[in-house]
Amino acid sequence: MSLTTAGKTPGPVRFYLACDHHGCTTHTTFDLVITDPGPSRDDDLWGHLLHHTHTATPHIEELGWAYLHGNGYTCPTHRVPALPNAS
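This structure is a prediction, so every number in the text was calculated from the model and none was measured.

Asker: I'd like to hear about the state of the cysteines, residue by residue, with values.
Answerer: A full pass over the atoms with the stated rule returns zero disulfides. With no disulfide of its own, C24 has C19 as its nearest cysteine by sulfur position, at a separation of 3.7 Å. Distance from the sulfur of C75, which forms no disulfide, to the nearest cysteine sulfur (C19) is 3.7 Å. The buried category is assigned to C75, whose relative accessible area is 1%.

This is the structure we're talking about:
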């Protein structure tokens, strides 16, 4: 898994992010204070598990990283430009 966390919300959460591109060893670590505790495990299991990730997504994108469905996270070196919307 290329994105893992340590810490509980509300409060500081440390994110560990590694590039999933084959052979790439690029990784980064950053901290965010997440004030929203998110849904409980009983109310929304997937929302509970993914709360940290959804909250960090804008910061991850600001760092130049991208999530490619089926391929995982890619660092700025291996990030594929977004495809234009088909009209």
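Asker: Please set out unusual backbone geometry residue by residue, giving values where relevant.
Answerer: Cis geometry marks the peptide bond from T9 to P10, where omega comes out at -5°. By the secondary structure assignment, P10 is in the loop between strand 1 (3-6) and strand 2 (11-18).

Asker: Any details on the packing of aromatic side chains? Residues and values, ideally.
Answerer: This structure, assessed with the given rule, holds two aromatic pairs. Judged by centre distance (5.0 Å) and plane angle (10°), the rings of F15 and F30 are stacked. Note that F15 is positioned in strand 2 and F30 in strand 3 (residues 27-34), a separation of 15 residues in sequence. With a relative accessible area of 8%, F30 lands in the buried category.

Asker: Lay out a nonpolar patch on the surface in plain terms, naming residues and giving numbers.
Answerer: On the surface, L45, W46, L49 and L50 cluster together to form a nonpolar patch covering roughly 410 Å² of accessible area. Within the fold, L45 resides in helix 1 (residues 45-62). The class of L45 is partly exposed, set by a relative accessible area of 39%.

Asker: Can you lay out the nonpolar core for me, pointing to particular residues and giving the numbers?
Answerer: Ranked by internal contacts, the top residues of the largest apolar core, which has 14 residues, are F15, I60 and W65. Those elements that place two or more of their residues in this core are strand 2, strand 3 and helix 1. Ignoring sequence-local partners within four residues, the contact set of F15 consists of L3, T4, T5, T28, T29, F30, L32, I34, H52 and A56.

What counts as what
Residues numbered from 1 in each chain as written. Predicted model: local features only at pLDDT ≥ 70, side-chain atom pairs only at ≥ 80, totals over all residues. Heavy atoms only, no water. Disulfide = S-S within 2.5 Å. Buried < 20%, exposed > 50% of the residue type's maximum accessible area, 1.4 Å probe, protein only. Helix = DSSP H or I, 4+ residues; strand = E, 2+ residues; numbered from the N terminus. Phe/Tyr/Trp six-rings, centres within 6.5 Å; stacked < 30°, edge-to-face > 60°. Patch = residues over 30% accessible without salt bridge, like charges linked within 9 Å, V, L, I, M, F, W, Y side chains within 5 Å. Areas by Shrake-Rupley, 256 points an atom, 1.4 Å probe, with all protein chains shown as cover. Salt bridge = Lys/Arg side-chain N within 4 Å of Asp/Glu carboxyl O. Core = buried A, V, L, I, M, F, W, Y, C linked by side-chain atoms within 4.5 Å. Contact = heavy atoms within 4.5 Å.

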